[in-house]
Amino acid sequence: MPSSVESLACALQKALCSTLQIEASDIGVSWRWLAEKSESRECEIILFDHTPGGAGFVKDGFDSWDKVVAKARELCEGHACEKACYDCLRSYGNQTHHEKLDRSTVIEFFG
Ligand SMILES: [Zn+2]
């Protein structure tokens with residue numbers, strides 16, 4: 001797993017919204033650790049529709065997952081900021097994680 005799952009989760013959330021051209025608030029993102037062992041720290045990132053009952057955006061996103069991943073890389077590679085800014089990983093919805101966001105983690109993960 002990436003050293004900063006927050007970065008990866010936020011990148012995928014923003015990339016999904018960007019790919020589908022929907023509002024950032026339409027998609028929620030969450031993550032949870034599956035194993036807290038020191039070596040195999042596995043984590044699951046969950047993207048979900050904010051619309052009650054689901055608007056199908058997440059499904060659409062998974063149908064074109066390659067594009068979402070490409071977009072996530074593009075967001076993080078396209079410019080120069082120290083770790084993260086509002087053009088790449090940061091958003092008003094993820095303010096609580098700003099300290100942990102680092103775009104190099106995303107670039108590394110999708111290598
Ligand atoms: Zn940036």
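Please refer to the structure higher up on the page.
Okay, so let's go over this structure. (Residues numbered from 1 in each chain as written. Predicted model: local features only at pLDDT ≥ 70, side-chain atom pairs only at ≥ 80, totals over all residues. Heavy atoms only, no water.)

## Let's talk about the coordination of the zinc ion
For the record, the criterion: Donor atoms are limited to N, O and S found within 2.8 Å of the metal ion, a distance that becomes 3.2 Å for Na, K and Ca. With water left out, some sites might look partial. Each residue's exposure class comes from its accessible area (1.4 Å probe, protein chains only) as a fraction of the maximum for that residue type: buried when under 20%, exposed when over 50%, partly exposed otherwise.
Surrounding the zinc ion are the protein donor atoms His-79 (NE2), Cys-81 (SG), Cys-85 (SG) and Cys-88 (SG), at 2.2 to 2.3 Å. All donor residues of the zinc ion come from one chain, and their arrangement in sequence is H-x1-C-x3-C-x2-C. Judged on exposure class, the residue Cys-81 and its partner Cys-88 are both buried.

## Let's talk about the packing of aromatic side chains
Inclusion rule: We call Phe, Tyr and Trp rings a pair once their centres come within 6.5 Å, taking the six-membered ring for Trp, and we label the pair stacked below 30 degrees between planes, edge-to-face above 60, and tilted otherwise.
Tallied over the entire structure, the rule returns three aromatic pairs. Their ring planes at 35° and their centres at 5.0 Å tell us that Tyr-86 and Tyr-92 sit as a pair that is tilted. Note on Phe-109 and Phe-110: the rings are 5.3 Å apart at their centroids and 75° apart in plane angle, and the pair reads as edge-to-face. Residue Phe-109 is classed as partly exposed on the basis of its relative accessible area, which comes to 40%.

## Examining the layout of surface pockets
It is a probe the size of a water molecule, rolled over the atoms, that shows where empty space is left. Just so we agree on the cut-off: With a 1 Å grid laid over protein atoms only, a set of points is called a cavity when a 1.4 Å probe fits there but cannot get out and a pocket when it is open yet has protein on both sides within 12 Å along at least five of seven lines; lining residues have an atom within 4 Å of a point. Grid points are joined across faces, edges and corners, and a volume is the space filled by probe spheres set on the points. A run of H or I in DSSP counts as a helix once it spans at least four residues, and a run of E counts as a strand once it spans at least two, with each numbered from the N terminus. Residues were grouped as follows: Ala, Val, Leu, Ile, Met, Phe, Trp, Tyr, Cys and Pro as nonpolar; Asp, Glu, Lys and Arg as charged; and all remaining residues, including Gly, as polar.
Considered as a void within the structure, the largest pocket measures approximately 210 Å³ in volume. Residue lining of the largest pocket: 14 residues in total, with Gln-13, Ile-27, Val-29, Gly-93 and Asn-94 positioned closest to the centre. It is strand E1 (residues 27-33) that contributes the most residues to the lining of the largest pocket, four residues altogether. Among the residues making up the lining of the largest pocket, the classes are represented as six nonpolar, eight polar and no charged.

## What about unusual backbone geometry?
Phi angles above zero are rare outside glycine, and Gln-21 is one such case at about 55°. Judged by relative accessible area, which is 72%, Gln-21 ranks as exposed.

## Quick notes on the nonpolar core
In a soluble, globular protein the nonpolar side chains are often hidden away together inside. Just so we agree on the cut-off: Take the buried Ala, Val, Leu, Ile, Met, Phe, Trp, Tyr and Cys residues and link them wherever side-chain atoms come within 4.5 Å; each set so joined is a nonpolar core. In this analysis, two residues are considered to be in contact whenever any of their non-hydrogen atoms come within 4.5 Å of each other.
Leu-12, Ile-27, Leu-89, Val-106 and Phe-110 are the most contacted members of the largest nonpolar core, which totals 24 residues. At the level of secondary structure, the elements contributing two or more residues to this core comprise helix H1 (5-20), helix H3 (65-77) and helix H4 (103-110). The element best represented in this core is H1, accounting for seven residues. If near-sequence neighbours (up to four positions away) are discounted, Leu-12 is found in contact with Ile-45, Leu-47, Trp-65, Val-68, Ala-72 and Phe-110.

## A short note on the pattern of salt bridges
In a structure, side chains of opposite charge can pair up when their charged atoms sit close to one another. Here is the rule: Basic side-chain nitrogens of Lys or Arg form a salt bridge, by our definition, when they fall within 4 Å of a carboxyl oxygen of Asp or Glu.
Evaluated as defined, the whole model comprises five salt bridges. Lys-59 serves as the salt-bridge partner of Asp-63, at 3.2 Å between the closest nitrogen and oxygen. In this pair, Asp-63 and Lys-59 are both assigned in helix H2 (residues 57-63), four residues apart and thus about one turn of the helix distant. The exposure class assigned to Lys-59 is exposed, which follows from its relative accessible area of 55%. Residues Glu-77 and Arg-73 are paired through a salt bridge, measuring 3.1 Å at the closest nitrogen-oxygen approach. Pair noted here: Glu-77 and Arg-73 are both in helix H3, with a separation of four residues, about one helical turn. Under the relative-accessibility criterion, Glu-77 is labelled partly exposed at 39%.

Remember, this is a structural readout, not a statement about activity or role.
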